[in-house]
Amino acid sequence: MSVFASVSAAVTEVSCLGMIGHSGPQAVVGWGFGTGAGMLCNAVWPYVLTHRVGRLLRSATGGIYHLLAVFLLAHFLVLPQRLTKTELLHRQERGRGDEERRAFIECGRARSTSPRSGRAKFEVLRGLIRSELLPMFVASALLFLQQRAVRTLDGPFFATFSRFAATHGVSLHLGTLVSRSSIRFYPGRNSNLVLAALGAVTTLVFVNAVLLVSTHFALLLSFTTGVLSGLVYINILARIVQEVRHESDGEFSLGVVTAGDARGVLVGGVQGAWLETLICGHLLSTRRWCHRSR
């Protein structure tokens, strides 16, 4: 069931990103809000199901069948209609500049409007790996590293670990939701400064996990991590949608960059588990959740 849910999520993401490549920058706003809200819900619903509703998580995964029906309806009935309207507007805008393009073509200065060749796509891929894929990978890895290593922290104000984990997840992904929804208010262009700040915050997270400075400080750091990681994610997608000239190149670039995001999630989760084992195995303390919760 978990594999089926993961495959469904991956297929849906690829489909929606293809729509974004055709729909333009305005679709990035909706994508950022939707993915941020989804992460926020994922941080809360395990606690709600187990402690409020009284159900087991294993039994609740059957809801993927209902969500799959919603995905199919949205894909075939909702999204194509919006896409058709957007493409019609694009055609009207392109029609106004037909004469100018013909003049450029006659002078030999127009760019080709055909899809790029395989060699050109390889050049695009090489440029994307350094400028877009690696920042996306680092941002996602640092985000999920912190989420996975939550048992190394303390939480004297919380009665159970599940409540603390839900609160920590809300702090983390509330920042993600805020930043991924802020592309119209903070259209960043350079990810290096944000990545440097994210690295500094991650260092503070590690120091706090070792020294157990403060629970409130840990929650503040998690919120800041979510904000910075979300800024890197959404601004990279916005740059690709706005700057890529050909629609086929846009779909290709979005697929490559989000592959970096998926790899970052995987590597961050594995590294977080390793970090949790390392800290809990060598720094014994009855304040840590890994030593007082079973």
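Residues numbered from 1 in each chain as written. Predicted model: local features only at pLDDT ≥ 70, side-chain atom pairs only at ≥ 80, totals over all residues. Heavy atoms only, no water.

The name given to the chain in an unreviewed UniProt entry is Protein BTN, and the organism recorded there is Colletotrichum trifolii.

Colleague: Hey, could you run me through the packing of helix 8 (residues 191–211) against helix 9 (residues 215–243) in this one?
Modeller: Packed helices, taken two at a time, are described by the angle their axes make and the gap between the axes. Viewed as axis vectors pointing N to C, helix 8 and helix 9 meet at an angle of 155°, and their least axial separation amounts to 9 Å. With respect to helix 9, the axis of helix 8 lies roughly antiparallel. Crossing of helix 8 against helix 9: the hand is left-handed. For the pair helix 8 and helix 9, contact is made by Ser 191, Val 194, Leu 195, Ala 197, Leu 198, Val 201, Leu 204, Val 205 and Asn 208 and by Phe 217, Ala 218, Leu 221, Thr 224, Thr 225, Leu 228, Ser 229, Leu 231, Val 232, Ile 236 and Arg 239, respectively. Here the contact of helix 8 with helix 9 is built from residues that sort into 14 nonpolar, 5 polar and 1 charged. (Axes fitted to C-alpha atoms, helices over the stretch in contact; angles between N-to-C directions. Helix = DSSP H or I, 4+ residues; strand = E, 2+ residues; numbered from the N terminus. Parallel < 35°, antiparallel > 145°, perpendicular 65-115°, else oblique. Left-handed = near helix turned anticlockwise from the far one by under 90°. Contact = heavy atoms within 4.5 Å. Nonpolar A, V, L, I, M, F, W, Y, C, P; charged D, E, K, R; others polar.)

Colleague: Mind showing me how you'd approach the side chain of Ser 179 here?
Modeller: The residue Ser 179 is located in helix 7 (residues 161–180) in this model. If we ignore the near neighbours within four places in the chain, the residues touching Ser 179 are Gly 226, Val 227, Gly 230, Leu 231 and Ile 234.

Colleague: Explain the state of the cysteines here, please?
Modeller: Defined simply, a disulfide is a covalent bond joining two cysteines at their sulfur atoms. Tallying each qualifying case throughout the model produces 1 disulfide. In this model Cys 280 forms its disulfide with Cys 290; the gap between the sulfur atoms is 2.1 Å. As the torsion about the S-S bond is roughly -100°, the Cys 280-Cys 290 disulfide counts as left-handed. Taken together, the residues Cys 280 in helix 10 (residues 247–282) and Cys 290 in helix 11 (residues 289–292) connect sequence positions 10 residues apart. (Disulfide = S-S within 2.5 Å.)

Colleague: Explain helix 2 (residues 26–53) to me, please; I cannot follow it from the model alone.
Modeller: In an α-helix, one full turn covers 3.6 residues, which means residues spaced three or four apart are oriented alike. Relative to the 40 Å expected for 28 residues at 1.5 Å per residue, helix 2 spans 38 Å between its end C-alpha atoms, a close match to the ideal helical length. Considering bend angle alone, the principal kink of helix 2 is centred on Val 44 and spans about 35°; proline Pro 46 follows within four residues of it. Among all positions of helix 2, only Val 28, Trp 31, Gly 32, Thr 35, Gly 36, Met 39, Leu 40, Ala 43, Tyr 47 and Leu 49 are buried. Gly 54 lies just past helix 2 and shows a positive phi near 80°. (Expected span 1.5 Å × (residues − 1). Bend = angle between axes of the 7 residues up to and from the residue. Buried < 20%, exposed > 50% of the residue type's maximum accessible area, 1.4 Å probe, protein only.)

Colleague: Help me understand the packing of helix 2 against helix 7, please; the structure alone is not making it clear to me.
Modeller: Relative orientation of the contacting elements helix 2 and helix 7 amounts to 165°, with a least axis distance of 8 Å. Relative to helix 7, helix 2 is oriented roughly antiparallel. The handedness of the crossing between helix 2 and helix 7 is left-handed. Contacts between helix 2 and helix 7 involve Gly 32, Phe 33, Thr 35, Gly 36, Ala 37, Met 39, Leu 40, Ala 43, Val 44, Tyr 47, His 51 and Arg 52 on the former and, on the latter, Ser 162, Arg 163, Ala 166, Gly 169, Val 170, His 173, Leu 174, Thr 176, Leu 177 and Arg 180.

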